[in-house]
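Per-entry structural report
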Amino acid sequence: MRLMEEIAYKSEEEEREEEEMVSQAYSIGKGFPQPMKGVVVGYALTSKKTKSFLQPKLEGLARNKGILFVAIDQNRPLSDQGPFDIVLHKLLGKEWRQILEDYRLTHPEVTVLDPPDAIQHVHNRQSMLQDVADLNLSDAYGKVGVPKQLVIKKDPSSIPDAVNKVGLMLPLVAKPLVVDGSAKSHELSLAYDKYSLEKLEPPLVLQEFVNHGGVLFKVYVVGEAIKVVRRFSLPDVCKRELSKCAGVFRFPRVSCAAASADDADLDPGVAELPPRPLLERLARELRRRLGLRLFNLDIIREYGTQDRFYVIDINYFPGYGKMPEYEHIFTDFLLSLSESKYKKRTALLKSL
Ligand SMILES: O=P(O)(O)O[C@@H]1[C@@H](OP(=O)(O)O)[C@H](OP(=O)(O)O)[C@H](O)[C@H](OP(=O)(O)O)[C@H]1OP(=O)(O)O
Ligand SMILES: Nc1ncnc2c1ncn2[C@@H]1O[C@H](COP(=O)(O)OP(=O)(O)O)[C@@H](O)[C@H]1O
Ligand SMILES: [Mg+2]
Ligand SMILES: [Mg+2]
């Protein structure tokens, strides 16, 4: 059964057509003060990311809208390349961060997506969820929190006492503290008893496992646009299973490997997407607090509840290639960035 009601947010197609007409009108100068020039986007991505993101359909659509993607040569100074209107990047390392920071200072006219410091904040599984916890979002549509968690910096023998002290409930998910793009940073474990946790290698985050019916929601954010999909997740752990099991079970990268659950025959109470107004508010707040425009959230609904949600993961510049209609959403976003910059510049000139 495909749950149509939420997946296609009704008038999106119409809205897009309208936007395209507006952007065409803009580019040929009808009703706007000046014709729009092309938008040059420099990109610095891994080859894996280039392949999954810069698909021919995206490049083709972008070209039609006047957007040109240009590969950044990492062996040459950034300032000698371009000129760029936007720099899109997802590379790791201190050196690259410094290059980008310097470039941002010397080229304030270029939009760097996103600032390196803001990205660093979500590369640590402790700080990544702090803003969600601080936000403490609760309204008529639901409540959004983070699972109770504890950070273990070193000394695995201290874990059982630390878990007792904080009162964490088993089972626990153990996650490497730092997310650095490596397969290892996505190797998680499920611990049925706290003594087995001594076997793990800190630094890590221990998080209470929340039963959620085996389905998670990926909320993709691209500027002001959001898109939600369902993915299969870890199955629930029942009390009986918990009392019978002991030990730590390692599991590799779940959500990437997990198939889409959008077309699966699911329990409606599990499958129902989180209310759109709640997600809109959450995304808007997080965009502001995190200072990021390109990210996704892994959200789960506590099993047996209708409106109790937990954010368990935030990823910078995730796999947009898997987001429905990403080509339109992304190109519209890039255009909106340069349009708002143009409007600001015009307003500034007028005020002089
Ligand atoms: O490779 P993909 O397309 O599955 O994207 C990965 C993301 O999958 P998702 O879009 O959430 O399904 C993935 O999300 P998860 O952490 O698996 O929830 C990460 O964002 C990953 O980046 P990194 O390895 O942590 O730097 C992303 O990997 P990169 O493409 O950035 O290497
Ligand atoms: N607190 C939790 N409760 C229940 N399941 C969880 C929890 N944390 C993680 N998971 C499961 O483990 C998967 C991977 O965890 P996640 O924090 O998203 O790490 P990664 O960055 O490697 O994707 C999730 O997609 C979900 O299936
Ligand atoms: Mg995840
Ligand atoms: Mg992640």
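Residues numbered from 1 in each chain as written. Chains lettered and ligands numbered in written order. Predicted model: local features only at pLDDT ≥ 70, side-chain atom pairs only at ≥ 80, totals over all residues. Heavy atoms only, no water.

Moving on to the overall build of the protein chain. Scanning the protein chain from terminus to terminus reveals 13 helices and 15 strands. For the protein chain, buried positions account for 49% of its 352 residues. Here the protein chain has roughly 18100 Å² of accessible surface; of this, 54% comes from carbon and sulfur atoms. (Helix = DSSP H or I, 4+ residues; strand = E, 2+ residues; numbered from the N terminus. Buried < 20%, exposed > 50% of the residue type's maximum accessible area, 1.4 Å probe, protein only. Areas by Shrake-Rupley, 256 points an atom, 1.4 Å probe, with all protein chains shown as cover.)

Turning next to the domain arrangement of the protein chain. Here the protein chain is described as being made up of domain 1 (4-114 + 327-351) and domain 2 (127-316). Domain 1 puts 16 residues into the contact, and the matching count from domain 2 is 17 residues. Summed over both partners, the interface of domain 1 with domain 2 buries about 1500 Å², with 61% contributed by carbon and sulfur atoms. At the junction of domain 1 with domain 2, the criterion picks out one salt bridge. Aspartate 114 serves as the salt-bridge partner of arginine 293, at 3.4 Å between the closest nitrogen and oxygen. On inspection of domain 1 and its partner domain 2, the count reaches five residue pairs in polar contact (both at pLDDT 80 or more). Of all elements in the fold, only α1 (4-7), β3 (86-90), β4 (111-113) and α13 (326-351) reach the threshold of two or more residues within the side of domain 1 that touches domain 2. Class assignment for the residues of the side of domain 1 that touches domain 2 results in 10 nonpolar, two polar and four charged. (Domains from an automatic or database assignment. Contact = heavy atoms within 4.5 Å. Buried area = accessible area lost by both parts, 1.4 Å probe. Salt bridge = Lys/Arg side-chain N within 4 Å of Asp/Glu carboxyl O. Polar contact = N/O pair within 3.5 Å; in protein donor to acceptor, adjacent residues only side chain to side chain. Nonpolar A, V, L, I, M, F, W, Y, C, P; charged D, E, K, R; others polar.)

This part takes up the site of ligand 1. Taken together, 20 residues surround ligand 1, and among them Lys48, Lys90, Lys218, Gly319 and Lys322 come closest. Side-chain polar atom of lysine 49 to an oxygen atom of ligand 1: 3.0 Å apart, as the coordinates give it. Between ligand 1 and the protein, one listed contact pairs an oxygen atom with a side-chain N or O atom of arginine 231 at 2.9 Å. Among the secondary structure elements, those contributing two or more residues to the shell around ligand 1 are α3 (47-53), β11 (215-222), α10 (254-257), β14 (294-301) and β15 (308-316). When grouped by side-chain class, the residues that make up the shell around ligand 1 number five nonpolar, six polar and nine charged. (Near = heavy atom within 4 Å.)

This brings us to the pairing of strand β6 (residues 142-145). Both strand β5 (residues 138-139) and β6 contribute to a ladder of two bridges, which runs antiparallel. What sits directly across from serine 138, in β6, is lysine 143. From the end of β5 to the start of β6, which pair antiparallel, there are two residues. Taken together, the three bridges between β6 and β15 define a ladder with parallel strand orientation. Within β15, the position partnered with valine 144 by the bridge is phenylalanine 309. (Pairing = 2+ DSSP bridges.)

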